[in-house]
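Structure assessment
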Amino acid sequence: DCPKGGARAIVDALARGIEKRGGSIFLNSHVDEIIIENGMAKGVRLKKGNKKVLAKKAVASNLSVWDLFGSGIVNNSAFPEKFVEERKNTPVG
């Protein structure tokens, strides 16, 4: 069954929840890098103006696991090599 209001209702509810708890959503903002410190995402660096946006609690992304570890948006050396390879080899479907 589909949620009442369709898939858009899920996105809207997620956005409301993030903003209600003090989070920010950046639309149409190209991210050059997810900043990793001590194995955790701490923020992002935006392409426009090379602006850094630091997270208070978490960084959420809509990237697939293959894009996350295969695109260069994260420094794979911040993670154990086996961890990265297992993620890159995640089966589709």
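Residues numbered from 1 in each chain as written. Predicted model: local features only at pLDDT ≥ 70, side-chain atom pairs only at ≥ 80, totals over all residues. Heavy atoms only, no water.

Positive phi outside glycine occurs at Asn 38, with the angle close to 55 degrees. For Asn 38, the location among the structural elements is in the loop between strand E1 (31-37) and strand E2 (40-46). The class of Asn 38 is exposed, set by a relative accessible area of 80%. Although it is not a glycine, Asn 50 sits at a positive phi angle of roughly 55 degrees. With respect to the element layout, Asn 50 can be found in the loop between E2 and strand E3 (52-54). (Helix = DSSP H or I, 4+ residues; strand = E, 2+ residues; numbered from the N terminus. Buried < 20%, exposed > 50% of the residue type's maximum accessible area, 1.4 Å probe, protein only.)

Before going further, it helps to examine the environment of Ala 78. Its location among the elements puts Ala 78 in the loop between helix H2 (65-70) and helix H3 (81-88). Residue classification places Ala 78 among the partly exposed positions, given a relative accessible area of 33%. On a C-alpha basis, the gap between Ala 78 and Asp 12 in space is 33 Å, while along the polypeptide they are 66 residues apart. For Ala 78, the contacting residues outside a window of four places in its chain are Ile 36 and Gly 39. (Contact = heavy atoms within 4.5 Å.)

Next up on the list: the nonpolar core. Side chains of a nonpolar character, in soluble globular proteins, are inclined to be buried together. Counting residues in each nonpolar core, the largest one holds 10 residues, listed as Ile 34, Ile 36, Val 44, Leu 46, Val 53, Phe 69, Ile 73, Val 74, Phe 79 and Val 84. Every element with two or more residues in this core is listed here: E1 and E2. When sequence neighbours within four positions are dropped, the list of residues in contact with Phe 69 reads Val 74, Asn 76, Phe 79, Phe 83, Val 84, Arg 87 and Lys 88. (Core = buried A, V, L, I, M, F, W, Y, C linked by side-chain atoms within 4.5 Å.)

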